[in-house]
Structure formats: structure tokens, C-alpha cells
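# Observations on the model geometry
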Amino acid sequence: MKIAKRIIGLTLSVCFILSMCTFLTGCGTSSGGGAIEVDNDKTQMYVFSYNGGVGNEWLDETIKAFEAKYANTSFEEGKMGVQIIPDKQKMTAVSMLDSFPNSTYDIIFNENLRYNDWAAKGNLLDISDLVKEVGDDGKTIESKLSDNKAAALTARDGKYYALPHYEAFRGVVYDIDLFEENNLYFAADRTYSDFILSSTEQRSAGPDGVVGTTDDGLPATYEEFFKLCDYMVQKGITPFVWSGEQNAYSEFLLYALSETMAGEEGAKLNYNYGVGSLDATTNIVTHFTNGQPVVEAMTITEENGYLLRQTEAKYRALEFLFTIFNKSDYYYKDSMGKLTMSNKEAQQTYVFSKLENKPIAMLIEGTWWAKEAADSVELSISAFGDAAKNRNFGWMAMPGVYSGTVDSSNGKTQVLNDCMNCYCGINAKSTGARLEVAKLFVKFCYSDEGLNIFTKSTGMLRGVNYELTEDTKANLSSFYRNLIELRNESVIITPMSSSVLFINNETTLTAYESYWNSDQYLFPVVAFRGGQKSAVDYFKGMAMTQQDWEATYGRYINQN
Amino acid sequence: MRIVKKIPTKKRARRQKLGFYLSIVTLPILQYCIFYIGVNINSILMAFQSYDAMTGEFYFDGLVNFKRIAYEFGKNDQLWNALLNSVKYYGISILLMIATTFFAFYVAKKRRFSGMFRVVAFIPHIVSNITMALLFKYFTEDAYPALVESLTGKEVWGLLVDPDTVYGAIIFFCILCGFGTQMMMFSNAMSAIDNSISEAALLDGVTPFKEFLYIDLPMIFPTISTFVIVGIAGIFTNQMSLFSFFGVSADPSVWTLGYYLYKGIKGAAMSEYPYLAALGVLFTLVVVPITFLVRHFLNKADPTA
Amino acid sequence: MKKNQTIRKLKKTSSPMYGIICTVLLVYSLMMALLLAWGISTSLKHLLDFRTNKVGLPNMEFGLAWENFEIVFEKFETIVMSGGRQQYVNFWGMLNNTLLYAGVGALISSIVPCLVAYVCAKTDFKFNGVIYGIVIVSMVLPIVGSAPSEMKMLKDLGIYNTMYGNWIQKFHFLGMYFLVYYAAFKSFPNTYLDAAYIDGAGEWRTLLHVTLPLVRNTFLTILLIRFIDYWNDYQTPLLYIPSHPTLAVGLFNLGNSTVGELSWVPRKVAACIILLLPIMTLFITFRDKLMGSLTMGGIKG
């Protein structure tokens, strides 16, 4: 007993002393990012950059180029050159909303930054002058913004408070090698077969109905998509895999499908509620007859915004998802049948599938997947050698039409939603030489030189339009090359608008994309698992009454 | 030379004792006043309040929180389902407890391998719930389907994701973890029973089952009744490890009231506190009379009384 | 002598009931052992091995993946908000928090009921009845869902999300252990104390040198039980001290983590094993003490 007592006593004493020491010295915590020694001979400027999927190598390279460029410029008396101090953390923009103005950071690059909330808080500097200034490349940043983006950024009060950071879409990745090897493309001539019989055979026009574009041969209608899935199953290929652990992942398919089907103006209605819309008319499901939706074209306004939860595009997307989830041949078993199927595991399963002769054709993901899956690709190379190198993946164009034939008259342009709310802004409290350097740094980041550094390093695009140099293009993976090609043929929308209703309720109106919630379920996948609910039932559960809409948002309606 | 201290007078000694007494009880009593009385009174007050996000203050708002509870219970099946799951689990745990007494008897009688059983049964008690839950989760989701496939060639889903098996799997986990602790408690209680009673019964030729039924079971009745009584409050607090398995995103079909409350508090903004406090007050109002009633009946039925 | 022999013989007599019970318990033990063995085996699997070998022992072609444990020590971290900034709390930081939470917390919640029970049992102040009543009532009265109010109270007092705030929360005498101490103090005669007083010892000295040594076994057992309870608890720290994550909280977060090198199952399981080891060591060392302590008396009104 005595020994036991001593052991416990000693253990606890050690614990206590150790705890107090570490407690007092604050050991065990770090702020992330290595500490950089301040060079007092230079002017410092501090950059916060979210350490997420896009990584931060691009920032190091940009800083290197920027510091070299201004090495001989003096911004403060007695000092020569600049020193940019980066802080690469995982702090989300949401948690920084209140603390940012009083932080040491002059510039922020972050995801999920609610532009309107940040601007309303006065956190961000009005950078309109900077955006409209002609840069070293002879262009203004404004000229590089798409009309949609420029309109969205200035919707608030005509001023720019931030610029798009990186561009990201949700949707489907497809294995181009697998598609090519198995002739999984629709043929232009369907006399003998719906699918091409050799890789040289001419392919169908694809979802956009135009021959010679990136989407040629891909399914143009929902019916064709299922035909393709059946064809894949016939060939021993599993059509889909996705992360079952995070329910939101399976929803990515819903966005991709519904936004393209709704078209540019229809998809934008989810954010502008008809305010400033060129065409606020969209198909609304009024009721169901024999299980089929009966639709009516209606004009959406802020007053009847609740109807957006009942659009035909959303119903068709749900129905599509339901069909996929209820045919076990259509998906990799663990996506539905394993609680621990993480996004990383889904990526790894996808990368390995073809190499292990259990091919999976498509991965439901975001465009950032390739960077995240880099370790899985490396692992596959270590296991399969050359066969695992230089593989070709692409970003799947979604069908925009439910059934029938598609040609240039009814083909749909892809609508890609730059959904991650990634922005770059300058701290409104930044002053003096630091502000001067901050402005120059932002200008540099959005110059052709800075933009190419970013793309070359990340393989991704900033949310602006720019020419890629040959050197940058050569460094891009085949996936990003394919994505950029498709992007250039698509319409890109942003989850923003000038609607007062939206600006004041951005967080709740787009939080977890609330319109996909049903009365009892936050995620369709949970309701569809095991066929617990049908697409029709789920869709009906998504409806919101006019009364609830008015009670919640009434005071913001028609305030523009 | 030995120094003998002056023995204090009675009055002085009393005063010294009082000082000592106060120095020990003052802080704990103060803590009790704040964190028990204060918290519970505040809980009742909060149940009738709402939160103003603009001013950051709570204000009295009548029965608004209770109306919301009625609305939530009336709107959909989630809360009813959670209540049903909680009651169902209580029922199952009572049945299991009765079964456990058999096993406790075996261990208390120090039969074959009982030492090993005691050690194994104790493991879930000392291992963190989150550790057990994660091991179980990965086993059921990764290993179990692979095992079934290799044995039968049939593809199955993980037990925690299949809507047909998820509730059963969670109950199984709770049994796996709870069984040992209960068994140990019962067997320790049985070990405390005077040996001579059991020996006399043995000499009289009583079978082990009868010995269990007529001697051990009645003697540990207070322990059993404690479990039954404590379990009633558990109906409203037991989370069935749902938070460990699913975090805040458990399927509503498996929710329990305890999970609903914890999930609410964990993710809630200040504005949700009054509603959650009202739920707590309501549950307490239900659980207190039931507990007292059950206690009353169990005390009456206690053969050791 | 003969009687004893007969009893011994009778005690060894087998019965079908024992056979069935033994079988069930063996199955139960096997399940527990398999779960733990699977955990250890998985934690030592290479990622490539685990892809195709979810159940079996580690494939020696890949070797034992000790690096899983190294990576856990190196990369296991929890992100918290502290001082308006996001901070990473690494393994050692979480261990530190765990020791503060479990070590100091256990000490407080073992000492306070001990002291209060002592003065209640060994003095004749009328207030003792009130204290005893408080303990009984709080045990009998099942109050549900007071956490929101407690959170608000802590926030109002400015001690929410602080370690010392949590210690204050634990600075109470309520619960079963008060009764255990009370019974222990009541059971030994006052003559020890009187002798100490006559020798000139003051109240504190009597407490420290006479009384506490007499209940040291009970005290150490309670301390140990509390320590294990708090070591394993992740829900309380998650709720009341979110900026001071313990290892159990870290493990909970890790269970939900989907990014980085720790998102793979063998590494998550390795983290489970790491958290398990200290507790298993304590258990093996103090097995008899811990197992014997597990009893529950009936609450009689």
C-alpha cells in the first residue's frame, strides 16, 4: 500500500509540476507558420493566408518575386526594400470577422469570407482605385474580372472591397483514360451503337450541343447519363464514388446538375431573387401527377423567393441523385455503406480503382481535389510504378436537359458556381507605408506575372480572367488543363448579388445551402439511404410557406 | 525539557473549532450556492426568458420557450422519436440488468475464469468512451463488412450506416461497454454477502440457481433498485454514445433526448439557451415525480428492508 | 474440518447454469479482446496494407508501420480560438491540458468532499445536518438539463473557458464520495482526535497528521477513480473549456477529421491506442484496488 501511495503521490506531483510549468510557459501551443525574423532595414507588411486545400507555396513564391522587384525601393525613411511576413493558418474567415481589424495583418486571403458581412463590418479597405488603376502589365484588375464578378463585388455600394482569391467549383471528376480506353463517349451517329466503337469515331455534341468543344461525347441529357451508367456497369466499371462521411459531398452533384439545368439567370436567382436579373422566370413545380412534376414558368421576386426551393431544376437533380443512390451498381459500395468513407479515402479509392482493375469512372468532388489527393497519387505510384504516372482526369460537363435530343438550339452552357467565397482584401485599418506596400502587393498578385506565379504553383486559377504563359501551361496537370478548357466554354457565377434581402441574410440563405434541407433531413443522402424517402417526398419537404418566408425575411423584402 | 502547551479553555476551543469549520465549509458552500442553487434557479428563470442579440441581454418573455417545445413536439417526429429511443433503451437496459445479475453471481462465486472475466469486464469502465467508440466505429465500418464478405462472399454495409442496423449496433455497443461495469457492481455487492448464508444453503443441497434466486438476488436488491432509479433520469440524459460516433450529425432516427440536449448546447448560440433551459425544466418536472414514485414502490418491495 | 471440505467440494460442483454463463462470458471476453487486438493490429498497418487488408494481421511485406505512432505524436493537434487568434494545440499541449484537467481536477474533487465530510462527521455543529441534507437531496433529486444555465453562469462570472473556472466547478462536496468519506470518518473513534488535542495539536495538524492518514486508502482510491474519469471525459472540456482541449477532446476531433496525414484509419486508431496506454498501465498497477472499489449502495430515503 505504501508503495502504491508513493507511486500515486509521485505521479500526481510530477503531473502537477509538469502541468504548471507548461501552463505557465504556454508550451504546447503554436500559432502556425514558422517565425520570421523582422529585418529592421526593410518595410514590413503582414499577410494572412488560409492554409487550406490550395496550399501556400504560391504565397512564398509571390513574396520572393515581389521582394526582389521592390528590393531597391524605399517606402520609409532609412529603409530600403520590403519584407512580406506571411502567416499561414487554418483560422477561418468566419472566426476572424471580429478580430481581423485589430490584428497585425494588412492583407487577408481566405475561404468562406462572407464579403457583405466583412464589408458591412468595415473590416475591408475600399480598393476601387486599385482595381481601376492600370498596372505594370498595361491592364486594370477590373478588366480581368468577368461581368458577373464585377457586378457581384460592386453590388453593395458600387465599390470594390475585395478581389477573388482562387476559383473553385463543385461537381464531378472523370477518368479520361478510362473513358478513352472503354469508349465511354456517345457517338454522333447512333446507327450502330449509342457509344463510339473506336476512339477515332466522331463523338456527339455533348451537353452544350456544339461539336468541337470539351464536352463532346459526354451525356447531354439525364436519360443519356443513366444510359452511360448502365453501359459502364455492363463493362464492369462502377460509375460513381464519393465521400460518405461528409454528407455535403454527395450534394456537390446536386449543385452541378441543377445550376446547369436552371441556366445562368436561373441559377443566379438563388442569390439575386430577381433583383437586377435579366430573366427572373424559372420553372416551378406546382404539384405532381402520377409521380411526375407539373411545372409552371413563374417570375421570381423577393416576395415569392420561397418558390426557389421548388424549382424543376432542383427536383430533377434530386431525382437524379435518388436514382444513383438506389441502384447499387451505380456507386462504389463504401460511399453509401460506410460511415467512415472520408473525402481522402474516396480520392484514394478513385485513384487506385483503375490500377487495381476495379475501375471507377467518376468522383463527386470539388475542383480542389487534385491537390488534396496528391499523397494518394504518390502512394499509387509507389505501389504500381509507371502505370500510375501521368494519368488524365477531367471535369465532367453536366447535362442540362432531362430527355430528348440535344443540339445547338437547346444545348446548355455549363454554369459553374465559384462557390467557396475565397477573397483577398486589405485591412481597413492598415496605414502608412504598410498600406502602400499592401496595395502594391495586391496589384502584383493580380498582375499577369503574379497570376501566372499563382497558377504555376497551385495548378489552379484565380477567380479572374488572364492569359497563361506557355511555361505555366506546361506545368499544369492534365486535370487542370481540362478544367480550364471547360471553364473557358462555361458561364461562371458567384453566390452574391445586390439584393438587400440577400446581402442582409447571406449567412442564413446560403448556410449549408439551406434549400437542400428537407423537413427532417439536413442532407438528401441521409434520407435516400436505404430508400427511406423518395425524391418526391424529399422535394415536398423542402418547400417553405409564404407565411414562414415573410415571417423570417419580411423586413428585407423590396428594399432595393 | 518538554514544553507542554496550555490546553485551551472550552470556549476558546469551541471558537477555534468554529474557525476551522468555517475555513473548510465556507468555500464549498459558496460554490454550492452558486453552482447548484444559483444555476438551477437561473435555469428556471431562463426557461421563461428570451435573448436579445442586439443588446446581449435576456428578458422575460412568458411561455414562449414552452410554446416552442410544444411546436417542436407537434411539428415532426424527431423529438417523439428521441423520446421513444430513450425509453426503449431504458427498457432494454433494465432487461439487460436482470440478465447481468446471473453473470455477476458466477463471478462472485469465483467460478472458472472469473478472475479473467472481472478484468475484461472492467476494461470498458476505465477506457475512454471516445476511444471505445472510435475503435468500434472503425471496426464496424471497415473490418466488419470485409469480414462478412470474406466469409460469405456477400457485400454488406457498415453497421452504423445501414438504417436497418444502426440502432441495434448502438445498443450493442452500449451493452458491450455497460455490461461489465454493471456486472462488477453486482458481483462486488454479492461478494459482500455473508459467506455463512451461502454455505448453509449449499449444505442444505440448494441448487446454484435457487441460491441465486433466493439469497443473492434479494440481498443485492438495493443495488438493483439504485440502478433502476438512476436510470429514470438517464432517460433524459443518456446519449447512447451518439455524440462519440456521429458528432452533431447523427441520423434523427437514432436520436435520444440526452443527445438532443447535448447537441443543442454544444452548437447553440446564446439565443438558444432559454429554449434548452425550458426543455431541461420540463424534463425535470417529468422525471422527479416518476423517480419518487418508483423509489417509493421499490423501497416497499425491498426484501432487505 | 469435514464440513469445510464438504463446502469446498460443493462449491466446485458444476451446474448447467454455470456452463451457459461461462460460455456467454467467454464470448463477451473474446469480443472485447478481439476489438482491442484489431485496434493494435490496425494501428501497425501500412496505408497500402490497410487498403486491402482490413481484418488480418499486418502484412509483413510492408513491415510494421511504427511511423503511424510517430506521425500521431508529431501531427496530432487541435485548433482552438484563444486570445482572438487561432492556435494549434499539439500533442504535448493537449497532454498538459489533460494533466491539468484530470490531475488537478481529481485532486480537488477528492479533497473537497473529504474535508467537508470530516468536519461533518467529527464536529457537532448544527449546520452539519444541513450539509448532509444537501448531499442527500442533490443525490435523490434528478435535475436534467441545467448545462445552458451553468454555461451562462460561468460566462457571467468571467470564468467560462478557463481552466481555473473548471476547477471551481469541481470544487464541490456533492455526490456519493461524500457519503463514503462520511462513513469512514464516523467509523473511527474520537479518541484519536482527543489524544491529538491533548498533545496540543491544532485542528489542521490533527487533520493532516491523524485523520487523513486514517482514510488514505479511501482517498487514494477515489483520487484514482476521479483521475481516470476525467482523463476519459471529453464532453465536459468540449463544452466548458473549448480553448483547452484535452487528449480525449483531441481524439474526438481527430475522429471527425478528414484532412491531412491523420485522416487515415490506421493513424486514427494509433491515436486511440496512445490514449489507451496510460490508463491501461494505471489499471494494471492498481487493478485490485480499482476493481474492488466498484460498488453502489442503495439510496434509502
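Residues numbered from 1 in each chain as written. Chains lettered and ligands numbered in written order. Predicted model: local features only at pLDDT ≥ 70, side-chain atom pairs only at ≥ 80, totals over all residues.

Here we come to the domain arrangement of chain A. Residue and element names in this part refer to chain A. For chain A, the assigned domains are domain 1 (43–161 + 421–462), domain 2 (170–246 + 324–417) and domain 3 (263–318 + 496–556). Spacing between the C-alpha centres of domain 1 and domain 3 amounts to 35 Å. Taken together, the contact pairs seven residues of domain 1 with six residues of domain 3. Sort the elements by how many residues they give to the side of domain 1 that touches domain 3 and helix α4 (residues 115–120) lands first, with three residues. (Domains from an automatic or database assignment. Contact = placed C-beta atoms within 7 Å. Helix = DSSP H or I, 4+ residues; strand = E, 2+ residues; numbered from the N terminus.)

This next bit is on the interface of chain C and chain B. With 80 residues of chain C in contact, the opposing surface of chain B contributes 88 residues. Top element by residues in the side of chain C that touches chain B is helix α2 (residues 16–43) of chain C. It accounts for 13 residues.

Here we come to the nonpolar core. Within the largest apolar cluster, 154 residues are counted, with the highest numbers of intra-cluster contacts made by I107, L321, F441 and V442 of chain A. Residue contributions to this core peak at twelve residues, all from helix α10 (residues 247–272) of chain A. Discounting chain neighbours no more than four positions away, the residues touching I107 of chain A are V47, F48, C424, I426, A438, F441 and V442 of chain A. Residues I265 of chain B together with V89, A147 and F178 of chain C belong to the second largest nonpolar core, which totals 145 residues. (Core = buried A, V, L, I, M, F, W, Y, C linked by C-beta atoms within 7 Å. Buried ≥ 20, exposed ≤ 12 C-beta atoms within 10 Å, placed from the backbone.)

Next up on the list: the sheet that holds strand β7 (residues 238–241) of chain A. Residues and elements named next belong to chain A. Pairing within the open sheet is mixed, and its four strands lie in the order β7-β10-β6-β11. If you trace the sheet from one side to the other, it starts and ends with β7 and β11 (393–395), each paired once. Direction aside, neighbouring strands of the sheet carry axes that sit 25° apart on average. As paired elements, β7 and strand β10 (residues 360–366) share three bridges and run parallel to each other. Paired with F240 across the two strands is M362, which belongs to β10. (Pairing = 2+ DSSP bridges. Axes fitted to C-alpha atoms, helices over the stretch in contact; angles between N-to-C directions.)

On to the pairing of β10 of chain A. Residues and elements named next belong to chain A. Across the seven residues of β10, six count as buried, placing the element largely inside the fold. Here five bridges tie strand β6 (residues 170–175) to β10, and the two strands are oriented antiparallel to one another. Paired with G171 across the strands is E365, a residue of β10.

What follows deals with the interface of chain B and chain A. Every contact between the two is made by 18 residues of chain B and, on the other side, 13 residues of chain A. With five residues, helix α5 (residues 129–152) of chain B is the single largest residue contributor to the side of chain B that touches chain A. When grouped by side-chain class, the residues that make up the side of chain B that touches chain A number seven nonpolar, four polar and seven charged. (Nonpolar A, V, L, I, M, F, W, Y, C, P; charged D, E, K, R; others polar.)

Here we come to helix α12 (residues 216–232) of chain C. Turn by turn, an α-helix covers 3.6 residues, leaving residues three or four places apart pointing in a common direction. Taking 1.5 Å of rise per residue, 17 residues should cover 24 Å, and α12 of chain C covers 24 Å from first to last C-alpha, within 8% of that figure. Most of α12 of chain C is tucked away: 13 of the 17 residues are buried. (Expected span 1.5 Å × (residues − 1).)

Turning next to the domain arrangement of chain C. What the domain assignment lists for chain C is domain 1 (2–72) and domain 2 (76–256). A separation of 35 Å is found between the C-alpha centroids of domain 1 of chain C and domain 2 of chain C.

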